[in-house]
Number of protein chains: 2
Amino acid sequence: MATLIIGNSRTWEMVGDLAGLTPDQLRAGGCVAQRMFWFARDGDVLVLPFAPPADYLTYVTDLTGTDASSLTVVIPPPGSLGSDILTPDRLTDPSFLNDLRRSLGDRPPVEIVAVYKDLSVTGLARALAAEAALPGYPFSAQAGDALVNSKAGFRALAAGAGVPIAPGTVVTWPEQALEAITDLFDQGHSVMVKLEFNGGGFGNEILSRTDGVVPTGAPRVVVLPDRPALLSYVQRRWEWLTVGHAHRLVVERFFPGSTTVYAEFLVTDEAAQLIGVGELLMEPVAIGAVVPAQTIDAETRAELLDGADRLVESLRVLGYRGVVSADAIVTPDGQVLFTETNCRLTGTTHLHLVLDGRVVDPGYREKRVFLERDGWAVPSFTAAIGRLAAAGLGYDPTSRTGVVVTSNDVDGDGTVACCAIADDLQSAEQLHSRLAELFVDQSS
Amino acid sequence: MATLIIGNSRTWEMVGDLAGLTPDQLRAGGCVAQRMFWFARDGDVLVLPFAPPADYLTYVTDLTGTDASSLTVVIPPPGSLGSDILTPDRLTDPSFLNDLRRSLGDRPPVEIVAVYKDLSVTGLARALAAEAALPGYPFSAQAGDALVNSKAGFRALAAGAGVPIAPGTVVTWPEQALEAITDLFDQGHSVMVKLEFNGGGFGNEILSRTDGVVPTGAPRVVVLPDRPALLSYVQRRWEWLTVGHAHRLVVERFFPGSTTVYAEFLVTDEAAQLIGVGELLMEPVAIGAVVPAQTIDAETRAELLDGADRLVESLRVLGYRGVVSADAIVTPDGQVLFTETNCRLTGTTHLHLVLDGRVVDPGYREKRVFLERDGWAVPSFTAAIGRLAAAGLGYDPTSRTGVVVTSNDVDGDGTVACCAIADDLQSAEQLHSRLAELFVDQSS
């Protein structure tokens, strides 16, 4: 009985207006979709934007012990934005639906796993008479995932659950934004503004009255020394900040020098299961992760889990089902302040559900550190694997250590993501140091 | 120790763009604000858009047994839309804040009661150092009330709680709307489209392929016999349907001939207390109410309360505090389908909390029927009360029956709302029949 895996790695509610993505961003999004092979098991059916590179498919399935020949890949005809990503129009194409039904043996799949459960995915479930196979279908079919992936909605949910968040608010109008930003400036703080829907820090900007603030969690700092500068910024950027007045804007205090940690869960009807605690590497936007999180002490971890538990319980009561990551910053003085929940497969889900548990077998759970970084420029995927092997750095199933190439963006920006698996953080960092002798680090 | 009562009877999230209201609508909104006097108790402070008519104030406080001279009314200077309603700018006026602080004896109020808890109300609470006096402040200060008053958000919340709703969905794009409407048309149904934020049915339209559908819950039926007509409708009305692309749109099956019922609750940190079950009179939009609901049997009432309990529990977990009305339609074949939650003081809250319990004393709870209808044209408020008395129709505290004039829109459209209180529905209807001999019914 097949699981249907949908590589809709870029959706409107994840990254904003898809039509606004550059060709490079579209291609990169499609490359990320290929990461869904990590989740595949024998007999599964995958819907992907384009055919997977054969070498990557072989590499991944060898590591997960999956019979690659048992997998079926269905690729819909190109859509309004071409063939790089699975735009909603591609998922309703009649010939695609016929192919997909045939690939599933004209039976509904036992489960549907999608990166993001928007209306195009619930519509596909309905077209396959497979509503019951999509966890949380009733909620998602009413566009609920937009609510629980909104950074604006998050702040209300968190405040309602009594979970600590950065001081700030959610605004609809430029005047409200001016007031909220000025309030924080007047208290001597810098400000982070966040688009309601985006990810990885790319929808955030830091605003400061003074020079010298180092960005984390946003690509840049905008210096606004006085009220005219602030007025001009809000006026000039309002279209972008609200995606043409369609969305609300988060305004909150920026905490320089914070680290970003998260707890990731799998939410079912009955409960929420913790699948991992990690740290996101922000340089200044997300470029990797460390699992388990290494920089937080037991007390901070307990605070993270306490808040995350409450957030995830609220999401469960609301009706969301599936993977949730509850993200928080840890400020230099040790406060844990929650920043968002991501109700979708995240950039770290494959670490928690596959690398830690299938590639590294469950007996070694909690005995390994996973350090993943994007942006290693390589000549080709096959050449990259070859160089790793020649240098003795490739993953070794006996020692359960070494480097796994997790994402393949070679057809995009020419890079791969590498996850070093080691006994401890220091060893994992050493593996990345040695990677730097083989590949060029383009992450920052 | 004073309660602060804020008559913000028209907000963006209740009725849409305030700047789009006609002068008549603005004035009517301000008249509704005066209804807050029903909630006042000795020593309370009220913020109202304009000075209350003295005769109405005396009339209401006489019936509630409140010492009118103990009340303080604070009226902010006019705002961007004049002085008819409490626009957000009026609530931040520095001279108003000074007046208000003085009226409160330079102490925070013990409680803040507002019609709607948007950021202008949470900002006012903060300005008074009275955050703790506003139930659900943390949630509301993060604009949470927008989430729980959204008809789009409602459908996800209800689906997630397993509460029955009309078939349909929530859409962001015209293509999605076309698909959802066509789906329902193809199944032989008419469709109701609902603006994300509005009230009383005024933000709804019924769409039908055929003539002859009688509207309820929306001002009109739009006949769209074929696809070109539908395409043209969506194109022509998209700005209105989404308030300039800012909001999502609800598309659901329309059930002709349904009645509208509701269960109203007061939600606190610990629990949700049922304060009443009623029926809304839709002709074709809301023009009145019957309390308790008379047309539903015990089984239907139980279904209503079961679904409402679950909705209200979800709202409580989310963090909302205060009055909630969970509305549902009862279809001709007896289905109970929930349509929205209103997280604010509703058009019936004064019936449940004041007329039933203070005007009619608690000993008579469940022994009276309340039938309220808007739109009785009267020469003046005082003349209306005089005519009622002369006809022997005025409320009699001994028999606990008679007519109470609940709202005073004489300075607006020249009408009042009248609530007949009687032993049973038939007697209440007879009171309204006799009203028709005194006043002109302009409700429909």
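Residues numbered from 1 in each chain as written. Chains lettered and ligands numbered in written order. Predicted model: local features only at pLDDT ≥ 70, side-chain atom pairs only at ≥ 80, totals over all residues. Heavy atoms only, no water.

Under an unreviewed UniProt entry, the name given to chain A is ATP-grasp domain-containing protein, and the source organism is Micromonospora carbonacea.

So, on to the packing of helix α9 (residues 174-186) of chain B against helix α10 (residues 227-241) of chain B. Residues and elements named next belong to chain B. Two numbers describe how α9 lies on α10: the axes approach to 11 Å, and their chain directions differ by 140°. In terms of orientation, α9 and α10 fall into the oblique class. As α9 runs across α10, the sense of the crossing is right-handed. Across the interface between the two elements, Pro174, Ala177, Leu178, Ile181 and Thr182 from α9 touch Arg227, Leu230, Leu231, Val234 and Trp238 from α10. (Axes fitted to C-alpha atoms, helices over the stretch in contact; angles between N-to-C directions. Helix = DSSP H or I, 4+ residues; strand = E, 2+ residues; numbered from the N terminus. Parallel < 35°, antiparallel > 145°, perpendicular 65-115°, else oblique. Left-handed = near helix turned anticlockwise from the far one by under 90°. Contact = heavy atoms within 4.5 Å.)

Before going further, it helps to examine the interface of chain A and chain B. Chain A puts 31 residues into the contact, and the matching count from chain B is 31 residues. In this assembly, chain A packs against chain B so that about 2500 Å² is buried in total across both faces, 58% of it on carbon and sulfur atoms. Linking chain A with chain B are eight residue pairs in polar contact (both at pLDDT 80 or more), by the criterion used here. Where the side of chain A that touches chain B is concerned, the elements lending two or more residues are α6 (137-141), α7 (144-148), α8 (151-160), β5 (168-171) and α11 (298-318) of chain A. When residues in the side of chain A that touches chain B are grouped by element, the largest group, seven residues, is from α8(A). Split into classes, the residues belonging to the side of chain A that touches chain B amount to 19 nonpolar, 10 polar and two charged. (Buried area = accessible area lost by both parts, 1.4 Å probe. Polar contact = N/O pair within 3.5 Å; in protein donor to acceptor, adjacent residues only side chain to side chain. Nonpolar A, V, L, I, M, F, W, Y, C, P; charged D, E, K, R; others polar.)

What follows covers the sheet that holds β5(A). Residue and element names in this part refer to chain A. Spatially, five strands are ordered β5-β9-β6-β7-β8 in an open sheet, and the strand pairing comes out mixed. Only two strands of the sheet have a single neighbouring strand rather than two, namely β5 and β8 (221-223). Averaged over neighbouring strand pairs, the angle between their axes works out to 25° when direction is ignored. Bridge analysis of strand β6 (residues 190-195) against strand β7 (residues 204-208) gives four bridges, and the strand direction is antiparallel. Directly across from Lys194, in β7, lies its bridge partner Asn204. Sitting on the sheet, helix α9 (residues 174-186) is in contact with β5, β6, β7 and β9 (249-254), with an inclination near 5° to β9. (Pairing = 2+ DSSP bridges.)

Bringing the relation of the copies chain A and chain B into the picture now. Each of the two chain copies goes to the other by way of a rotation about an axis and a shift along it. Once turned by 180° and shifted 0.0 Å along the axis, chain A lies on chain B with an RMSD of 0.0 Å. One copy is carried onto the other by what is essentially a two-fold rotation axis. Among all residues of chain A, the one whose C-alpha sits closest to the rotation axis is Ala246(A), at a distance of 2.0 Å. (Least-squares fit on C-alpha atoms with pLDDT ≥ 70 in both.)

Let us look at the UniProt feature "domain: ATP-grasp" (unreviewed entry) in chain A. Following the UniProt record, the feature "domain: ATP-grasp" (unreviewed entry) maps to residues 155-371 of chain A here. Secondary structure across residues 155-371 of chain A comprises 29% helix and 32% strand; the distance between its end C-alpha atoms is 30 Å. (UniProt positions renumbered as here; feature names shortened; annotations may be inferred.)

Take the domain arrangement of chain A next. Residues and elements named next belong to chain A. The assigned domain composition of chain A is domain 1 (3-142), domain 2 (167-254), domain 3 (256-348) and domain 4 (356-444). Facing five residues of domain 1, the contacting portion of domain 2 comprises five residues. In this assembly, domain 1 packs against domain 2 so that about 370 Å² is buried in total across both faces, 64% of it on carbon and sulfur atoms. A per-residue breakdown of the area domain 1 buries against domain 2 is headed by Trp12, Glu13 and Met14, which together make up 72% of the total. Inspection of the region where domain 1 meets domain 2 yields zero salt bridges. Applying the counting criterion to the domain 1 and domain 2 interface returns one residue pair in polar contact (both at pLDDT 80 or more). Residue composition of the side of domain 1 that touches domain 2, grouped by class: three nonpolar, one polar and one charged. (Domains from an automatic or database assignment. Salt bridge = Lys/Arg side-chain N within 4 Å of Asp/Glu carboxyl O.)

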